[in-house]
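# Commentary on secondary and tertiary structure
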Amino acid sequence: MLKTPELLAPAGNMESLIAAVENGADAVYLGIGDFSARAYADNFTIEEFRGALDFAHLRGVKVYVTMNILIKDNETEKALDLIYTLNELGADAIIVQDMGLLSIAREMAPSLPVHASTQMTIHNTEGVRFLKETGVKRIVLARELSLEEIKYIKDETGAEIEVFIHGALCICYSGQCLMSSMIGGRSGNRGYCAQPCRKQYRLRKDGKEIRTEGNYLLSPKDLNTSEILPELIKSGIDSFKVEGRMKRPEYVAGVVSIYRRLIDRYIEDPENYFISKGEKENLEQLFNREFTTGYLKGDPVGELMSRKRPHNQGIMIGKVTGYDNKFKKLEIRLSGELEVGDGIGFEGSRDSGTIIRGIYIDNILKKKADPGETIIINYDQPPKNGAAVYRTLDDSLMKELQASFSSPAPIRKIPVTIKLKAHIGEMLQLSISDRDNNISNVISDYVVESPRKRPTTIEDIEKQLSKTGNTVFEAFQVIIDMPDEVFIPIKELNNARTEATDELENLRIEKWRRPVHPGTSGKVTDDLRISQCASDKKTLLSVSVNNPESLTYAIKGGADIVYIESEKDIEDEEWKPAIDIAMENKIGLYLHTPVIIKDPEMENVTTMIMQAEKMGFEGIVVANTGILRFLNSLKIAGKTGLKMITDSSINVFNRYTLQFLNENNVDTVTLSTEMNLGQINDITKHGECEYIVHGKVQIMESEHCFISGILGQKDENRFNCGSPCKTGLFEIVDEKGFEFPVRTDSKCRTHIFNSRELCLLEEIPKLIRAGVSRLRVDSKNIKADRVEMVTRAYREGIDSFYTGETKHLWQGSDISENHTRGHYHRGVK
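Presented here is a report on the structure given in the accompanying data block. Source: prediction; values computed, not measured.

Glancing now at the overall build of the chain. What the chain contains, in helices and strands, is 24 helices and 42 strands. Across the chain, every contact between residues at least 6 apart in sequence was considered, and the portion connecting residues at least 24 apart equals 72%. Surface exposure of the chain reaches about 35,100 Å², of which carbon and sulfur atoms provide 46%. If the 107 positive side-chain charges of the chain are averaged to one point and the 123 negative ones to another, these points end up 3 Å apart.

What follows is the structure, given as structure tokens:
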């Protein structure tokens, strides 16, 4: 038997929440105050949330609260206060990104379910198992997984799975994008993404510009799964999520109502599933940058991106056929309908467009024009002749959708069974029950009488009790126990019905409340007390490398530890000489695992881990939660002595994440590159911490082969990649002229790096005083012959701190001509 998935809708404000509920959502997700990944949405205050929660719960709709950002140490107490409040009010779950917040929530509010945000970058079975074992109720998987991969994860883990089915896509794996924060200090991990992926870029290869079809090179199309919905349902996904907390309520109403119909249509009659022409057009009209099924049907390669227009495209309804400069009149030949009040935009123009105030046909003012007609409208800016015209706003559709959630009377009704007991000489009794086993019982003060004249008939009673008015209830069944003819005044029936419906409303709302947590009365700090373990060890110098030559130079430069990232077998002859030199010099070697390891790739990586231990490596750099669980399981079983250091991709932003990882056998953590010195100083007291001090920081990792998507060839039957990414060195250039290197790995994933090299050479003393255990040079984008110089500069900088010798210290400009200090001073909002 097919399981009906939950339909989960966005609610950026109360109006959108009502729109979602009234149009068939099973659950909504929303943000409160400062802890939401959509900081620019209206979001809710606590008082507004109380009303929203009660509105939804009354109608049988769940409410999940997004707390899906990285939490600063000084915000933890406030975040925990909010968790206590949400728990008491009866929120159905919180959605989190921060592992520290996850651990706090599970410990301090165990009755409040926790969902893992897509910002956690969960993309393999081991990662899902790790969170499930931590107490996470549901995992929102990365959007880069195929249906086959999702089904495998679901079948292997049995976890509750949530997947996005409609709306905007990110080009980067969620939780791994630093582009917005590195460019302008607005962090996507803190809810302030400035959407640099929707900006214009130029592509260069080996320094020469390449012409592209459209300049919005990082802008994906929008996700639309309506055509493949049956496959999603059959895969066993538990929750279908619609993106759009920044969208208007009419969008929410329209998209939710269509997916509600489509889900129900398939469940009721799988063999005859269809999408009507009107449903397709409405989804397109509401918002689209063109549509894609994303990665759900496999790698979309050349079909993922919308490079010509990064905003709503709407529906094409005609072409420009002329313009009168003198009178500012625009002539359009229509292929679709257009009405006064509609909005239009033009091909090749990002910001142009207008609202139609008047339509002229043969000099006659009209309110509406049909396909095939030529119209004249007033317009100040002459678009290109022959340019396509798009209807970006359908005024009639907007009004229709507004009506679906703006009625003073509830549209979504709860079916109830009403039972009346009317026995002569006894008090009138009424009960109303819903399908969730909530029952309200009312015993009236009125004693049922024999009729003096006309008796009160069963039909009279049914009619009166069915008048539920502006309540959310509708009478599905009325059962009357009345063995004799009786008389009951209409007023008494009405009073009993009103009292019973009021009580049932209260029952439906209050049953979700939870007991008050004992720690809410000023004990937050005590509850979260965490041990301090300051270290007096000498700060070590670590270097990341991705080739044997760089490994050799890092050793010569004085590295204490080297992290080896290799797509080849580390036992390969190419690596052996350099690794032998490292072992001879007692350099600690760590295997650097990838950020993304899908299930088919896991065996190869775990084999390399076993090889590393066999070869005498000291440890593993853990870049995703799947590898964390794999290694932790081995350590618990006593099957490995490898040390673990988490990479910056794990997003350690506070001491509670550090503690949580330490409890899972992590020895050292690499701090988030979005942390500033003050935040670093606060966290290092509580465990071994590394900070990246030099190199081109990776700001995006994408499943999409960016270069192939642009330069690959498409024939009639299939997309022919041709591996253009291997033909040279690529970079993208933004509107200000900053150059961002682009690299493609052996799995065809794209890695984009910051335009400027991070260099904190002159900050070494402050970082050592702050208690940082390791300073890391990331040399993966540094030419091998520079690696020794850069490493030596940091080696001497660290040594001079302990010896006091400062005569010949290097300056940042000596090793990096055009560098940045990243977030070291400014941090992120």
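The strand order 9-8-37-38-39-34 describes an open sheet built from six strands, whose pairing is antiparallel. Each edge of the open sheet is held by one strand with a lone partner, namely strand 9 (208-210) and strand 34 (698-702). For this sheet, the mean angle separating the axes of adjacent strands, direction not counted, is 30 degrees. Pairing of strand 34 with strand 39 (residues 750-753), which is carried by four bridges, proceeds in the antiparallel orientation. Considered in strand 39, the bridge of Met700 is made with Ile752.

Moving on, we get to the pairing of strand 37 (residues 730-733). Of the two faces of strand 37, the one carrying Phe730 and Ile732 and the one carrying Glu731 and Val733 are both buried. As defined by bridge partners, strand 8 (residues 202-205) adjoins strand 37 across four bridges and the pair is classed as antiparallel. By the bridge assignment, Arg204 is partnered in strand 37 with Glu731. Sheet topology note: the strand 37/strand 38 (residues 739-744) ladder contains four bridges and is antiparallel. Bridge assignment links Phe730 to a residue of strand 38, and that residue is Val742. Taking the residues between adjacent antiparallel strands as the criterion, strand 37 and strand 38 are bridged by five residues, where Gly737 takes a positive phi near 90 degrees.

Helix 3 (residues 76-89) packs onto helix 2 (residues 46-58) with a crossing angle of 25 degrees between their chain directions and a minimal axis gap of 11 Å. By the angle between their axes, helix 2 is roughly parallel relative to helix 3. Seen from above, helix 2 lies across helix 3 with right-handed handedness. Packed against helix 2, whose contacting residues are Ile46, Phe49, Arg50 and Leu53, the element helix 3 presents Leu82, Thr85, Leu86 and Leu89 at the interface.

A few words now on the packing of aromatic side chains. In total, this model carries five aromatic pairs according to the counting rule given. Plain terms: the ring middles of Phe130 and Phe660 are 5.9 Å apart, the flat faces sit at 65 degrees to each other, and that makes the pair edge-to-face. Of this pair, Phe130 sits in helix 5 (residues 125-134) while Phe660 sits in helix 19 (residues 655-663); the two residues are 530 residues apart in sequence, bridging distant segments of the chain. The same class applies to Phe130 and to Phe660, which are both buried. A cation over an aromatic ring shows up here: Lys241 above the ring of Tyr29, its NZ or CZ 4.4 Å from the ring centre.

Its volume calculated, the second largest pocket comes out at about 880 Å³. Forming the walls of the second largest pocket are 43 residues, and the residues nearest its centre are Arg38, Cys170, Cys193, Gln195 and Glu243. Residues belonging to the lining of the second largest pocket are distributed by class as follows: 21 nonpolar, 12 polar and 10 charged.

So, on to the sheet that holds strand 24 (residues 427-433). Taken in spatial order, the four strands make up an open sheet running 25-24-23-26, and their pairing is mixed. The open sheet is flanked by strand 25 (439-447) and strand 26 (473-481), the only strands paired with a single partner. Strand after strand, the sheet turns through a mean of 20 degrees between neighbouring axes, direction not considered. Sheet topology note: the strand 23 (residues 414-421)/strand 24 ladder contains five bridges and is antiparallel. What sits directly across from Lys421, in strand 24, is Gln429.

All right, on to the pattern of salt bridges then. Inspection of the entire model under this criterion finds 56 salt bridges. Note that Asp26 is salt-bridged to Arg260, the shortest N-O span being 3.0 Å. With Asp26 in the loop between helix 1 (14-22) and strand 2 (27-31) and Arg260 in helix 9 (residues 249-268), this pair connects stretches of sequence that are 234 residues apart. Note on Asp26: relative accessible area 25%, which makes it partly exposed. Owing to a relative accessible area of 14%, Arg260 belongs among the buried residues under this scheme. A salt bridge links Arg261 to Glu279; the nearest nitrogen and oxygen atoms lie 3.1 Å apart. Here Arg261 is found in helix 9, whereas its partner Glu279 is found in helix 10 (residues 277-286), with 18 residues between them in sequence. For Arg261, a relative accessible area of 38% corresponds to the partly exposed category.

About the cut-offs
Residues numbered from 1 in each chain as written. Predicted model: local features only at pLDDT ≥ 70, side-chain atom pairs only at ≥ 80, totals over all residues. Heavy atoms only, no water. Helix = DSSP H or I, 4+ residues; strand = E, 2+ residues; numbered from the N terminus. Contact = heavy atoms within 4.5 Å. Areas by Shrake-Rupley, 256 points an atom, 1.4 Å probe, with all protein chains shown as cover. Lys, Arg positive; Asp, Glu negative; His and termini not counted. Charge placed at Lys NZ, Arg CZ, Asp CG, Glu CD. Pairing = 2+ DSSP bridges. Axes fitted to C-alpha atoms, helices over the stretch in contact; angles between N-to-C directions. Buried < 20%, exposed > 50% of the residue type's maximum accessible area, 1.4 Å probe, protein only. Parallel < 35°, antiparallel > 145°, perpendicular 65-115°, else oblique. Left-handed = near helix turned anticlockwise from the far one by under 90°. Phe/Tyr/Trp six-rings, centres within 6.5 Å; stacked < 30°, edge-to-face > 60°. Lys NZ or Arg CZ within 6 Å of the ring centre and 35° of its normal. 1 Å grid on protein atoms, 1.4 Å probe; cavity = no way out; pocket = protein on both sides within 12 Å on 5 of 7 lines; lining within 4 Å. Points joined across faces, edges and corners; volume = space filled by probe spheres on them. Nonpolar A, V, L, I, M, F, W, Y, C, P; charged D, E, K, R; others polar. Salt bridge = Lys/Arg side-chain N within 4 Å of Asp/Glu carboxyl O.

Interpretation note: all reported values are geometric properties and have no functional meaning in isolation.
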